[in-house]
Amino acid sequence: YARPVQGLIRAFKYGGVYRLSPYLARHMSDLMISQALDPPHALIPVPMHPRRLRQRGYNHALLLAQDLSRQQGLPLWPDRLERIKHTHQQAKLSGAQRRTALEGAFRAQAVAGKRLLLVDDVLTTGATACQCARSLLSAGARDVRLIALAGATGENE
């Protein structure tokens, strides 16, 4: 998560440059193809709390997941996971603070026996992905994996 990727993600996530979504999702799609993993039953975008969604106006992970769904021909299940706890913006928290803040932050609908792929923009400490996966596994998922555009360089760990 460094230049130039950092600038693209920031423009997409915070600057409202929606037209970057298909381009960014294409890189995720290429990664899925190169890894040759068993295809998931569905894509699950990392959800935003309704309050944060109102502030930002859109869920960037949902936009990526929609484009990735179209590119890969995979079902998209945006309503199977919801964020039920509002937290401070994760980018401003340390790894330990993120893990504590995110406990109990997500609730999943029944996904019995399904292989799922979480979609997000950046993997920093893994706290969000871990809590999302725990919720989905508790709801019966057989396997939960994550695809992200970028990984943190270490400054927030």
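Note that the structure is a prediction, hence the values are computed from the model and not measured.

## A short note on the sheet that holds strand β5 (residues 143-151)
- Spatially, 3 strands are ordered β1-β4-β5 in an open sheet, and the strand pairing comes out parallel. The strands lining the two open edges of the sheet, one partner per strand, are β1 (42-45) and β5. Each neighbouring strand pair of the sheet contributes to a mean axis angle of 30 degrees, computed without reference to strand direction.
- Against the sheet, helix α6 (residues 127-138) engages β1, β4 (115-123) and β5, with an angle of about 165 degrees to β4.

## Things to note about the pattern of salt bridges
- Summed over the entire model, instances satisfying the criterion amount to 5 salt bridges.
- Among the ionic pairs, Asp30 bridges to Arg26, the shortest N-O distance being 3.9 Å. Here Arg26 and Asp30 lie together in helix α2 (residues 21-35), a separation of 4 residues that amounts to about one turn.
- Look at Asp30 and you get partly exposed, because its relative accessible area is 39%.
- The class of Arg26 is partly exposed, set by a relative accessible area of 36%.
- The partner of Arg70 in a salt bridge is Asp67, with the nearest N and O atoms 2.6 Å apart. Placement of the pair is Arg70 and Asp67 together in helix α4 (residues 60-72), with a separation of 3 residues, close to one helical turn.
- Since its relative accessible area comes to 10%, Asp67 is described here as buried.

Analysis parameters
Residues numbered from 1 in each chain as written. Predicted model: local features only at pLDDT ≥ 70, side-chain atom pairs only at ≥ 80, totals over all residues. Heavy atoms only, no water. Pairing = 2+ DSSP bridges. Helix = DSSP H or I, 4+ residues; strand = E, 2+ residues; numbered from the N terminus. Axes fitted to C-alpha atoms, helices over the stretch in contact; angles between N-to-C directions. Contact = heavy atoms within 4.5 Å. Salt bridge = Lys/Arg side-chain N within 4 Å of Asp/Glu carboxyl O. Buried < 20%, exposed > 50% of the residue type's maximum accessible area, 1.4 Å probe, protein only.

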